[in-house]
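Topology and contacts: notes
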Amino acid sequence: MIDELKKEIEKVRKDFLKEIDQVLSKENLKKLRDKYTSRKNGIVTEFMHNLKKLSKEYKPIAGKIINELKLNIENKFKEVEKSINSKVYKKVDYSLPDFDFSVGFSHILSDIGTEIEDIFLNLGYEIAYGFEVESEYNNFTALNIAEHHPARDEHDTFFIKDFENTILRTHTSPVQIRYMNEHKPPIKIISPGKVFRKDEPDATHTPVFNQVEGLLVDKNINFSHLKGTLESFIKSFFGGNIDLRFRPGYFPFTEPSAEVDISCVLCFGKDPDCKICKGTGWLEILGSGMVHPKVLLNCNINPEEYSGFAFGMGVERIAMLKYGIPDIRMFYDNDIRFLSQFG
Amino acid sequence: MRVNIEYLKKFIDVDTDKLKMKNLLNSIGIEVSELICCDGKDIFDVEITPNRPDWLSHYGIARDIHSKLSEIRFSPFKIAEVHLDKKNEDFSINIEDKNDCARYTGCIVRDINVNESSKEVKNLIKSFGLRPINSIVDISNIVLMTIGQPIHIFDLDKLSGNEINIRRAIKGESLELLDEQKISLNNEFLVICDKKNPAAIAGIMGGKASGVTFETKNIFIESAYFNPITIRRSARKLGIKTDASYIFERGADVLVTQKAVSFVLEMIKKTQKQELNITYYNDVFEKEFKPVFIELYKDYPSAYTGIEIKNSISEQILKDLGFKLNDKVDKWIVEVPSYRVDIVNKQDLVEEIIRIYGYDKLDSKLPYSFNENFITNNERQLIKKIRNHFISIGFNEVVNYIFHSYEENKFFSDRENFLEIRNPIGRDFSTLRNSLIPGLLKNTALNFNNSIKRVSLFEFGKRFYVENGKIKEENILSLSSSGIYLALNWKDKFEKDFDFYIFKSLFSTIFKKFHIEFKLEKRDFPHFKGECSYLVKIDEHEIGYIGSLKKEIIDFYKIDKPVFVVEVQLSKISKYIKKNSFKMWNKFPFSKRDFSFLIDKNIEYYELESVIKELKPETMEKYELFDLYKGDNIPGSKISLSMAFYYRSKKRTLTNDEINDTHVKFIEKLIERLDLIQR
Ligand SMILES: [Zn+2]
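Source: prediction; values computed, not measured. (Residues numbered from 1 in each chain as written. Chains lettered and ligands numbered in written order. Predicted model: local features only at pLDDT ≥ 70, side-chain atom pairs only at ≥ 80, totals over all residues. Heavy atoms only, no water.)

**What about the pairing of strand β2 (residues 31-38) of chain B?**
All names here are of chain B. Here β2 runs beside strand β3 (residues 41-47); their pairing, made up of seven bridges, is antiparallel. Note on β3: the bridge partner recorded for Glu34 is Asp45. In sequence, β2 turns back onto β3 through a hairpin of two residues, with Asp39 there showing a positive phi of about 50°. (Pairing = 2+ DSSP bridges. Helix = DSSP H or I, 4+ residues; strand = E, 2+ residues; numbered from the N terminus.)

**Digging into the packing of helix α5 (residues 135-147) of chain B against helix α8 (residues 257-271) of chain B**
A pair of packed helices is captured by two measures, namely the crossing angle of their axes and the spacing between those axes. All names here are of chain B. Viewed as axis vectors pointing N to C, α5 and α8 meet at an angle of 135°, and their least axial separation amounts to 10 Å. Comparing their axes, α8 and α5 come out oblique. Two packed elements cross with a definite hand, and for α5 against α8 that hand is right-handed. Contact residues: Ile136, Ile139, Ile142, Val143, Thr146 and Ile147 in α5; Ala260, Phe263, Val264, Met267, Ile268 and Thr271 in α8. (Axes fitted to C-alpha atoms, helices over the stretch in contact; angles between N-to-C directions. Parallel < 35°, antiparallel > 145°, perpendicular 65-115°, else oblique. Left-handed = near helix turned anticlockwise from the far one by under 90°. Contact = heavy atoms within 4.5 Å.)

**Brief notes about the domain arrangement of chain B**
What the domain assignment reports for chain B is domain 1 (2-68), domain 2 (92-285), domain 3 (292-357), domain 4 (378-574) and domain 5 (591-678). One C-alpha centre belongs to domain 2 of chain B, the other to domain 4 of chain B; they are set 61 Å apart. (Domains from an automatic or database assignment.)

**Some thoughts on the coordination of the zinc ion**
Tetrahedral metal sites with four donors have an ideal angle of 109.5 degrees; octahedral sites with six donors have ideal angles of 90 or 180 degrees. Residues and elements named next belong to chain A. Binding of the zinc ion to the protein goes through Cys264 (SG), Cys267 (SG), Cys274 (SG) and Cys277 (SG), at separations of 2.2 to 2.3 Å. If you look at the zinc ion, its four donor atoms make angles of 104 to 114° with each other, and the shape they trace is tetrahedral. Linear spacing of the donor residues for the zinc ion on their chain is C-x2-C-x6-C-x2-C. As far as the burial class goes, Cys264 and Cys267 line up, both buried. (Donors = N, O, S within 2.8 Å, 3.2 Å for Na, K, Ca; no water. Tetrahedral: all angles 85-135°; square planar, octahedral: opposite > 155°, others 65-115°. Buried < 20%, exposed > 50% of the residue type's maximum accessible area, 1.4 Å probe, protein only.)

**With respect to the nonpolar core**
Counting 210 residues, the largest nonpolar core has Tyr104 and Phe226 of chain B as its most contacted members. Residues Phe498, Ile510, Ile573 and Tyr576 of chain B belong to the second largest nonpolar core, which totals 32 residues. (Core = buried A, V, L, I, M, F, W, Y, C linked by side-chain atoms within 4.5 Å.)

**Regarding helix α6 (residues 228-238) of chain B**
Residues and elements named next belong to chain B. Along α6, the residues that are buried comprise Thr230, Ile231, Arg232, Ser234, Ala235 and Leu238. For α6, the capping residue at the N-terminal end is Asn227, with a side-chain oxygen 2.8 Å from the backbone nitrogen of Ile229. Backbone geometry just after α6 places Gly239 at a positive phi near 65°. (Polar contact = N/O pair within 3.5 Å; in protein donor to acceptor, adjacent residues only side chain to side chain.)

**Some remarks on unusual backbone geometry**
Residue and element names in this part refer to chain A. Of the consecutive residues Pro185 and Pro186, the connecting peptide bond is found in the cis state with omega at 0°. Looking at where Pro186 falls in the secondary structure, it is placed in the loop between α7 (173-182) and β4 (187-196). Between Glu255 and Pro256 the backbone carries a cis peptide bond, its omega angle lying at -5°. Its place among the elements puts Pro256 in strand β7 (residues 254-263). The backbone of Lys278 sits at a positive phi, close to 55°, despite the residue not being glycine.

Encoded structure:
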């Protein structure tokens, strides 16, 4: 008889513990309270009622067991109530979605530009700026590109209305001319900035793009110094596993001139169908050379005493290679879906 | 230019493996842009840099390849030259100005038959990317592609009088060209004329009337040297680029004209059954050719390249390229061949040596060069800080073209003091921006169209304008915001659009960062809504404007939400940025006193502020507005403000009585001055 009761009580206790464990709100707590301890028909109340029906012999033992259950249950209720009361205000669900606070991104061209500039700053180059509207003299003539020089064809130039010999610079080299006119060697600068060519926008052309050019003029500067400088730059920008290659080229303002290729950043020359290097394994990335003696003379620097090198690169092209951007116009659409991919 | 690899073998025994050939050409400076297959033959499309007209021929390219691969067979171009000064006919060649035409070699051949070229010749012509015409014209093209000398052949019977005149055209003259284009001439054009009329534009294109056809019997062959600048001017004027003009503009070989005529004659002979009847030959070469001599110290190539190049190597390379060297112990006197118009100084010679020796042999060295001039650019530092600041509070940086349409610029200038482009790429790009705002608006519209609901942008860049007849460039920072500021979320259940107060508060954080006091002043700008249009000032300096763009402008960009913008001059901000030195903060506690009052609603907050600043007791450190109310329970002419005033001394803790006393006196004066009603 008692054993049976004990079993029953044990079952009630187990069920209760299971149920109370799932209670998180006051309402549910009340429901559970009613279920077990309601004066009318609570499970524990029932037991108490039934106690009366028992014989004297069993009553005290059964009473003790039932009372124990009742106490246990009430204590548990108190404990849970307390915790619910505090939970109503303090419970944190970390997994709720975050508020949509705005995040801003710097433009990829600024980031790449800054990255390039910082490498040269670390090599001791000063950053020099100039004007976007320039004279034809600074943009062409001083750079050994005379009026009828065929190289002017390659720089499709925008002209400013009502101002003679005034154009939008086609490269940042006029900054170098201005700097050389105002400073004596040693000269060690880079000139970043926008440049302009009269190109219809397409996947590889925009009428505005960004360049970083560099110039070093000092005593005993030679062609191997140029190669070493560019190699330092390329390896710190693209990584030590990237090689570079010098090829003969032509620029009116340098002699000798060199086109600089880097090993393909995508396939390293291993994919004959590579999208960006077309299987050659090389990517053209920089133009460079030893400063032409006429350019030095135009800036009152004696080419018998000083020599120097210059180089230039397109920021968009470098960004396109580094990030696999397929169309140069994307830089100028300023679509946030594009901007927010970088930075 | 098209390079037929098979045809190169006429001069050199070169490995015709495509890839090897491509690398070889690349290594000497000829960039291969495309490989074309023509009738089973490999053809390279190569890019020739403008300094190397001598590469515009197969022989010229072969000469450079040979210098790179010294050991291979090289057959110099040999033709028996016609030295005969034949003047059997009464004919004359007259050059008006030898500066325009330094040399003119002419030759008359009579009684020839003009046919179609043989299949081989036609295929060769096609491999050069040209169209076969007839046996005579095809020959002139083969000469061009072989030795790079442009040849023009006239139908002699179509020329009137027995003379050829090389002169400037006279205004009123005209000519129908071979491509049937009719052009009017003037003094800028150099023309080849018969007794009466122009028959060809010198060095560019012949006239249709005197062209060689299948009916032609007698021909006049022209092989000349024209001044590059003269030809370039005419070609640019006409907008015509021909193979001939391309070479003349860059500089042909003045010494090759006779050889070229001999080559033409030799080839014509092969197409005819009988001996050639050459009735006239004349080489007018009035301007003597003076070769260029360059002094080259033997240690210079090594010094300039930074690697050791043996004298014997330099010598060999220059000789293979056709230079003549006169050894003078520690230097060479180098004579430049007539076809190398690009070589004028010792640096040019070093390039020739290192180009052939191999750019891959250069070392990588870093120069030791100390930059004494080094200056840190303050504006760059400022831009970096501002950029980081605004991206951290949710603005996106954009970069736009500097071109706007005329209409867009007019939004921002009441005077027409902006710059226009003479040759824009289109109407929408015809002026230089005088504000960065149109760019931001285009970007805003694009992003709204892509269902992005919050568009906050900024750009650094230049604006351009004319002041006192001079062009000005100014570095500008512009910001714009439009759309939703706070997005709907599950907790607050509301969203908030940008308004002027939010925008202004976001913008002003940059001044907090730099510890700069700025202020706004009501000013009507034509691009802003009348009720929301302000000048931004630091001290008394106007640095820009802020406001809400007027409807007309945002409609123009098809934006249907208010757009708030600010535009300031960077140089003016950078002037106010000071290096602060450390100051100890006040360690005594604050005491706060609140004050709620009614004030006339027409009094603006800045007016209240200026009175507060005027009356403020020494111990009042700051104040703030924490409530603004208008509506029920207060008279319609008033608004209710609640403010907090903070008191403390730098020297000691103030007592309650002291503070109360000061505060009450201050409030009394404030009430009196502005007719406030205490609540
Ligand atoms: Zn690749």
